[in-house]
Amino acid sequence: MIDVLPWHQGPLTGLLARREKLPHALLIHGNQGIGKVDFARAMAQSLLCEAPISGEARAGGIACGVCDACNWFRDGNHPDYRELLPEILVDDDVEAEGLSDPDVKDKKKSKEIKIDQIRAIADFMTLSTHRDGFRVLVIHPAEAMNMSAANALLKTLEEPSARTVILLVTDQMARLMATIRSRCQRVLLPAPENLEAVTWLQQHGTGLNAAQAESALAMAGGSPLDAVTFAAAEYQTARKAFVAALSDPAADYMAAAQSFEKSDLNHIVTWLQTWVSDVVLSKMSGNVRHHVDEKQSIANIARHVQLTKLFRYESALRQARRSIHHPLNVRLLLEQLLISYQRAVK
Ligand SMILES: [Zn+2]
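The rules behind the values
- Residues numbered from 1 in each chain as written.
- Predicted model: local features only at pLDDT ≥ 70, side-chain atom pairs only at ≥ 80, totals over all residues.
- Domains from an automatic or database assignment.
- Axes fitted to C-alpha atoms, helices over the stretch in contact; angles between N-to-C directions.
- Helix = DSSP H or I, 4+ residues; strand = E, 2+ residues; numbered from the N terminus.
- Parallel < 35°, antiparallel > 145°, perpendicular 65-115°, else oblique.
- Contact = placed C-beta atoms within 7 Å.
- Nonpolar A, V, L, I, M, F, W, Y, C, P; charged D, E, K, R; others polar.
- Pairing = 2+ DSSP bridges.
- Core = buried A, V, L, I, M, F, W, Y, C linked by C-beta atoms within 7 Å.
- Buried ≥ 20, exposed ≤ 12 C-beta atoms within 10 Å, placed from the backbone.
- Expected span 1.5 Å × (residues − 1).
- Arc of directions from axis to C-beta.
- Right-handed = clockwise from strand over helix to strand, strands pointing away.

(A) Spotlight on the domain arrangement of the protein. Per the domain assignment, the segments making up the protein are domain 1 (6-191), domain 2 (194-237) and domain 3 (247-345). Of note, the centres of domain 1 and domain 3, computed from C-alpha atoms alone, are 48 Å apart.

Structure follows, in structure tokens:
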């Protein structure tokens with residue numbers, strides 16, 4: 001069975017329970033970053049799935065995740081599924097309907113969903129389906145449709161083919177044409193409760209503890225999906241700053257210890273361990289495994305280093321890992337780790 005965001009299981013199974021009586025067009029709306037597109041895709045896959053899973057807890061029949069239809073869906077080639085999005089959101093290596101211009105990479109990518117894209121799916125929307133089941137179209141963000149695209153879509157909304165479900169996704173309802181809005185049934189998706197979001201973040205974020213998840217969520221304005229990105233970006237910024245210090249063995253490591261005093265010790269020891277392991281690997285094979293963006297700096301250090309010193313330092317790091325949860329003095333521990341690092345690589 002496929003994963004569905006926990007706060008959207010109820011709305012999803014509720015809609016799927018009436019899969020045979022669904023309106024032709026649903027307008028899925030709600031706050032930004034709560035997983036509306038994930039919801040639309042999960043719903044599409046569940047409608048297309050040829051062995052949906054029902055049961056007491058799963059009344060609606062959520063996609064099984066393993067049948068032929070689910071496999072095609074996951075690989076992006078289910079014949080009865082299409083997704084329309086603006087060019088700017090399409091990956092370069094994906095060929096999208098109506099966007100076959102080979103020079104597209106060199107041009108400024110459009111933020112709009114254009115009429116050509118709607119025209120390109122005309123056959124898809126009218127010919128009979130391949131698998132004799134539903135046909136599903138997801139459009140997101142729906143407000144990206146320009147006027148002519150929206151007008152072209154209206155025709156489809158007015159004369160829908162049988163067993164066709166169009167899922168429009170938006171967090172800017174007011175920017176949608178009123179005629180489009182009025183032809184869709186609205187589905188307001190809830191944002192998660194704070195505790196639910198924090199728990200989910202801890203499970204799906206970058207190894208955040210409760211306080212970090214709480215803070216990432218706050219900085220992302222309550223949006224758990226944005227918080228994941230945010231936490232990841234913040235983590236990368238901190239990692240880059242720390243390894244920049246490691247890449248210069250002549251750096252002032254007492255000052256560095258002071259500046260990283262407020263950082264997460266767990267992360268720091270991880271960065272040190274992965275860095276040292278990369279230096280060893282670089283020395284032996286010229287490759288790195290963890291800090292791939294620092295391959296050159298690591299190679300520079302590896303050139304002058306003695307492996308026996310590094311191995312001794314590695315075992316000191318393993319010992320340090322045991323004491324990082326209750327350090328008596330964070331700054332002192334950092335100083336020790338960094339000065340020992342300096343001795344190990346100089
Ligand atoms: Zn399936």
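Structure shown, so let's carry the discussion forward.
(B) Representation of the packing of helix 9 (residues 210-219) against helix 10 (residues 224-246) in the model. Where helix 9 contacts helix 10, the two axes come as close as 8 Å, and the packing angle between them is 110 degrees. Classified by the angle their axes make, helix 9 and helix 10 are roughly perpendicular. Every residue of helix 10 that contacts helix 9 at Ala216, Leu217 and Met219 is listed here: Pro224, Ala227, Phe230 and Ala231. Residues belonging to the contact of helix 9 with helix 10 are distributed by class as follows: seven nonpolar, no polar and no charged.

(C) Representation of the sheet that holds strand 4 (residues 164-170) in the model. The sheet built from five strands is open, its strands ordered 2-3-4-1-5 with parallel pairing. In the strand order of this sheet, the two ends are held by strand 2 (81-84) and strand 5 (185-188), each with one partner. Neighbour-to-neighbour, the strand axes of the sheet open up by a mean angle of 20 degrees, direction not taken into account. Two strands pair when backbone bridges link them, and strand 2 and strand 3 (residues 135-139) are joined in this way by four bridges, in the parallel orientation. Among the inter-strand pairings, Arg82 is bridged to a residue of strand 3, identified as Leu137.

(D) Highlighting the nonpolar core. Among the nonpolar cores identified, the biggest contains 61 residues, and Val136, Ile139, Leu167, Leu168 and Leu201 are the most heavily contacted of them. Of all the elements, helix 2 (residues 36-48) adds the most residues to this core, at seven residues. Both of domain 1 (6-191) and domain 2 (194-237) provide at least three residues apiece to this core. Ignoring sequence-local partners within four residues, the contact set of Leu201 consists of Leu208, Ala213, Ala216, Leu217, Pro224, Ala227 and Val228.

(E) Spatial organisation of helix 12 (residues 265-285). In this model helix 12 runs 30 Å from its N-terminal to its C-terminal C-alpha over 21 residues, within 8% of the 30 Å that 1.5 Å per residue would give. By the burial criterion, the buried members of helix 12 are Ile268, Val269, Trp271, Leu272, Trp275, Val276, Asp278, Val279 and Ser282. Check the buried side of helix 12 and you find it contacts helix 10, helix 13 (295-304), helix 14 (307-323) and helix 15 (330-345).

(F) Main features of the environment of Leu22. Inspection of the secondary structure assignment puts Leu22 in the loop between helix 1 (9-17) and strand 1 (25-29). For the pair formed by Leu22 and Val165, sequence separation is 143 residues and the distance between their alpha carbons is 7.7 Å. Those residues in contact with Leu22 that lie beyond four places of it in its chain are Leu15 and Val165.

(G) Molecular detail of the environment of His140. Inspection of the secondary structure assignment puts His140 in the loop between strand 3 and helix 6 (147-158). A tally of 22 C-beta atoms within 10 Å means that His140 is categorised as buried.

(H) Molecular detail of helix 15. An ideal rise of 1.5 Å per residue puts 22 Å on 16 residues; helix 15 measures up with 23 Å between its terminal C-alpha atoms. Those residues of helix 15 lying buried are Leu334, Leu337, Leu338, Tyr341, Ala344 and Val345. Along helix 15, the residues classed as buried sweep out an arc of 120 degrees about the axis, all on the same side. Where helix 15 is buried, its residues meet helix 10, helix 11 (253-259), helix 12, helix 13 and helix 14.

(I) View of the pairing of strand 3. Of all five residues that make up strand 3, five are buried, and the element is covered over most of its length. With burial as the criterion, each face of strand 3 is covered, one bearing Arg135, Leu137 and Ile139 and the other bearing Val136 and Val138. When strand 3 meets strand 4, the two strands line up parallel, connected through five bridges. For Arg135, the partnering residue across the bridge sits in strand 4 and is Thr164. Crossover connection from strand 3 via helix 6 to parallel strand 4: handedness right-handed.

(J) View of unusual backbone geometry. In this chain, His140 is followed by Pro141 through a cis amide linkage whose omega measures -15 degrees. By the element assignment, Pro141 lies in the loop between strand 3 and helix 6. For Asp132, which is not glycine, the phi dihedral falls at a positive 65 degrees. Summarising the element assignment, Asp132 is placed in the loop between helix 5 (122-126) and strand 3. In this structure, Arg163 takes a positive phi of about 50 degrees despite not being glycine. By secondary structure assignment, the location of Arg163 is in the loop between helix 6 and strand 4.

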